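# What the coordinates show
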Amino acid sequence: MDAAATPPDDRGRLSALLRLWPYARPYRGLIALTFAAALLATLAQLAVPLITAAVVDGPIAEGDRGGLVPLLGLALVFGVAEAGLFFLRRWAMTQSCLAIERDLRGALYERLQRLPVAFHDRWPSGQLLSRASSDMSTVRRFVGFAAVFLAVNLITCVVVAVLLLITYWPLGIAVLLTTVPLTVLGQRWERRYNVQSRRVQDEQGELATDVEEAVQGIRVVKSLGRRGLVFDRFDTKARRLRRLELDKVRTLALLWCVFELHPQVTLALILVGGAAAVSTGALTVGGMVAFVALFTVLLWPILSLGWLFAFAQETASACDRIGELLDEPLTVTDRPGVVPQPVGSPARLAFEGVGFRHPGPAGPVLSGVDLVVEPGETVALVGATGSGKTTLTSLVGRLHDVTEGRVTLDGVDVRDLPLTQLRGIVAVAFEEATLFSMSVRENLTLGRPDAADADIAEALRVAQAEFVRDLPWGLDTRIGEQGLSLSGGQRQRLALARAVLGRPSVLVLDDPLSALDVHTEALVERALRDVLAGTTALVVAHRPSTVLLADRVALLAGGRIAAVGTHSELLAAEPTYRDLLAQESDLAEVIP
Ligand SMILES: Nc1ncnc2c1ncn2[C@@H]1O[C@H](COP(=O)(O)OP(=O)(O)OP(=O)(O)O)[C@@H](O)[C@H]1O
């Protein structure tokens, strides 16, 4: 992620900006209108110095008052045209820029949704947030403002240079020569600025990650009394960001300084050179006025080019950073040509020689896992902490893909099913119940938007989550991050209700009752038995009470299934199993 280490070449910068083109193409008509309006407005603006020259050399020099009227009328027409074109440019630019921003934001959000869990494991969420927010706003400001001015100002510079050469070529050439050091210095500093701006953007992402973690983990931080430590870490990064920002601003200041100085020095040169030319008769007074006036039109484009180029660099970095997300491969995706296949309800779930390793140097988490869960059967997965239980369950709904072997449903490899079908078949409840800032009903029906009220009532009964009916607005009460806070146990019960809603054909429960008190757990288990009888279930279990829900138990050890049998068979034959459950039972006994 440290792409800031090497400065990309100018072609790289341009291609980074050109990444925006697919999003801009649908609005090319509006973009063309923007550029045309901006260009015509600039040309209208350029007419004024030329008319001024005509006024000085014509009516003023000859004392012809009558000749003034048409020229002033012409100047007025150009002024009005410039104002109209200004409005047109703003209108067309806003339309296209907001539409491009919406499309790019949509593409990025969609990509983030489709990227595999392994990607989200790897990427700090602050980095994703800063790319989706601050980088996106940099792109918007560039597209909606800077890009047009960059192009128009460059064109203005070229047109004015030609007019200067036509007006009085020796002075025109002198003016052009003054831009050579400007270009050389500008290029060097822009390269430096580009590296610095990428570093700043990356550091902003780091900082956003810290803020997000600190907010999410506020309870842990406070209870451990480590506010100081967390603040110090944040402060160190904030200081580093400040330093990097200052480096960036220093380069920018140098750049601006040169771009500010250049027109002033050049203007002095023009005045001296022009006066000399007028005194020798090589240039008329009107010509000299036009030359100075034309050069004044150049002041803003030259001044702005410095920061417009810097802005372009920053936007190229933002495009790179957004592009890194858009380029991330979708490793867990539909295979080409997959079509829905018949899978029974309940289905037969089989792990066949399954192996899994996370990307990176660590060894495999699972290897050679063979396990069959017959239709309608419930298998409990028991294993020491870190033995790979969650990993194994995540392979069923393809949150991760196996790196060896296959997982099948009724004999069909899960990778040969469209993801939408697979995720309709497999319902999951995780130990950490995530609820969204939506109503209870929306949270429940997230996976099954068409669920009937009767299904919802049944799911709430099974999960012993009928407490939601007592919330201020019942099922319509907004919960989650921005809504009403629920206890850990309440959240877990809602997440369980969400999983069992509509009686899925395969149910994966990753220790879904861990936050419940013994009494509620017993009630949930009693109701759950009924659901489990009609579905194929894989249940990660730490407590004997959860294990008792299962028809068979699979013991996971050393990355493979070490033993399979009923609870009593394993208790009798497997010391590891006995030890694992004994620890939990001991704990259960001390609970009053
Ligand atoms: N994103 C990841 N990258 C690398 N290794 C990981 C990643 N996620 C988990 N692991 C490793 O994989 C192993 C299995 O983790 P897993 O969460 O499946 O264990 P578990 O049996 O469910 O543990 P627990 O009972 O504590 O929930 C662990 O050693 C863990 O460190």
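As the structure is a prediction and not an experimental result, all values here were calculated from the model.

## What about the site of the ligand?
Around the ligand sit Asp121, His358, Val365, Ala384, Thr385, Gly386, Ser387, Gly388, Lys389, Thr390, Thr391 and His542, and that is every residue in its neighbourhood. At 2.9 Å from an oxygen atom of the ligand is found a main-chain nitrogen or oxygen belonging to Gly388. In the model, an oxygen atom of the ligand is placed 2.7 Å from a nitrogen or oxygen of the Thr390 side chain. Protein contacts shield 58% of the accessible area of the ligand, which totals 640 Å² for the unbound molecule.

## Description of the pairing of strand 3 (residues 378-383)
For strand 3, the tally of buried residues reaches six of six residues, placing the bulk of the element in the interior. Burial of strand 3 is two-sided: the residues Thr378, Ala380 and Val382 facing one way and the residues Val379, Leu381 and Gly383 facing the other way are all buried. Across five bridges, strand 3 lies against strand 9 (residues 552-557) in parallel orientation. Across the sheet, Ala380 pairs through a bridge with Val553, a residue of strand 9.

## Some thoughts on the environment of Leu513
For Leu513, the position within the fold is in the loop between strand 7 (506-510) and helix 16 (518-533). Apart from residues no more than four positions distant in its own chain, Leu513 is found in contact with Gln492, Leu496, Glu521, Val524, Glu525 and Arg543.

## Let's talk about the sheet that holds strand 2 (residues 366-373)
One open sheet holds the four strands; their spatial order is 2-1-4-5, and the pairing between them is antiparallel. Bordering the open sheet on either side are strand 2 and strand 5 (412-413), each of which pairs with just one other strand. Strand direction decides the pairing type here: strand 1 (residues 349-356) and strand 4 (residues 404-409), joined by five bridges, are antiparallel. In the strand pairing of strand 4, Ala350 is matched with Thr408.

## A few points about the domain arrangement of the chain
The domains assigned to the chain are domain 1 (10-327) and domain 2 (349-432 + 505-590). For domain 1 versus domain 2, the distance between C-alpha centres works out to 57 Å.

## Considerations on the sheet that holds strand 6 (residues 426-429)
Strand order in the open sheet made by the six strands is 6-7-8-3-9-10, with mixed pairing throughout. Edge positions in the sheet fall to strand 6 and strand 10 (560-565), since each has one partner strand and no second. Direction aside, neighbouring strands of the sheet carry axes that sit 20 degrees apart on average. Taken together, the four bridges between strand 6 and strand 7 define a ladder with parallel strand orientation. The partner of Val426 across the bridge, within strand 7, is Val506. Strands in contact with helix 15 (residues 488-500) are strand 6 and strand 7; relative to strand 6, the strand with the most contacts, it is inclined by about 175 degrees.

## Here we look at a nonpolar patch on the surface
A cluster of nonpolar side chains, namely Trp169, Ile173, Leu177, Val180 and Val184, defines an oily patch on the protein surface of about 510 Å² accessible area. Tracing the sequence through the fold places Val180 in helix 7 (residues 169-216). Judged by relative accessible area, Val180 falls into the partly exposed class, the value being 45%.

## Concerning the side chain of Gln127
As for its placement among the helices and strands, Gln127 is situated in helix 6 (residues 125-167). Reaching out from Gln127, the side chain makes a polar contact with the backbone oxygen of Asp202 at a distance of 3.1 Å.

## Re the pairing of strand 10
Summarising the sheet, strand 9 and strand 10 pair through five bridges and their orientation is antiparallel. Among the inter-strand pairings, Val553 is bridged to a residue of strand 10, identified as Gly565. Between strand 9 and strand 10, which pair antiparallel in sequence order, lie two residues; one of them, Gly558, sits at a positive phi of approximately 60 degrees.

Each value, and the rule that gives it
Once a new chain begins, its residue numbering starts again from 1 and follows that chain's sequence as written. Two thresholds apply to this predicted model, a pLDDT of at least 70 for residue-level local features and 80 or more for giving and counting side-chain atom pairs, whereas whole-chain, interface and lining totals are computed over all residues. Side-chain calculation: all heavy atoms of the structure are included, whereas hydrogens and water are not. It suffices for a single heavy atom of a residue to lie within 4 Å of a molecule or strand for the residue to be listed as near it. Within 3.5 Å is the distance limit for a polar contact, defined as a pair of N or O atoms, with the added protein rule that one can donate a hydrogen and the other accept it, and that residues adjacent in sequence qualify only through two side-chain atoms. Computed with the Shrake-Rupley method and a 1.4 Å probe, the accessible areas treat only the protein chains shown as cover for residues. Summary of the burial criterion: residues with accessible area below 20% of their type's maximum are buried, those above 50% are exposed, and those between are partly exposed, where the area comes from a 1.4 Å probe applied to protein chains only. Secondary structure counts use DSSP, requiring at least four H or I residues in a row for a helix and at least two E residues in a row for a strand, with both numbered from the N terminus. By this definition, two strands are paired if DSSP reports at least two bridges between them. We call two residues in contact whenever any of their non-hydrogen atoms come within 4.5 Å of each other. Domain start and stop positions are those given by an automatic or database domain assignment. Convention adopted: a line fitted to C-alpha atoms gives each axis, helices being fitted over their contacting stretch, and angles between N-to-C directions are expressed from 0 to 180 degrees. Each patch is built from residues that are more than 30% exposed by relative accessible area and take part in no salt bridge. Like charges join if they lie within 9 Å; nonpolar side chains (Val, Leu, Ile, Met, Phe, Trp, Tyr) join within 5 Å. Definition used for salt bridges: Asp or Glu carboxyl oxygen within 4 Å of a side-chain nitrogen of Lys or Arg.

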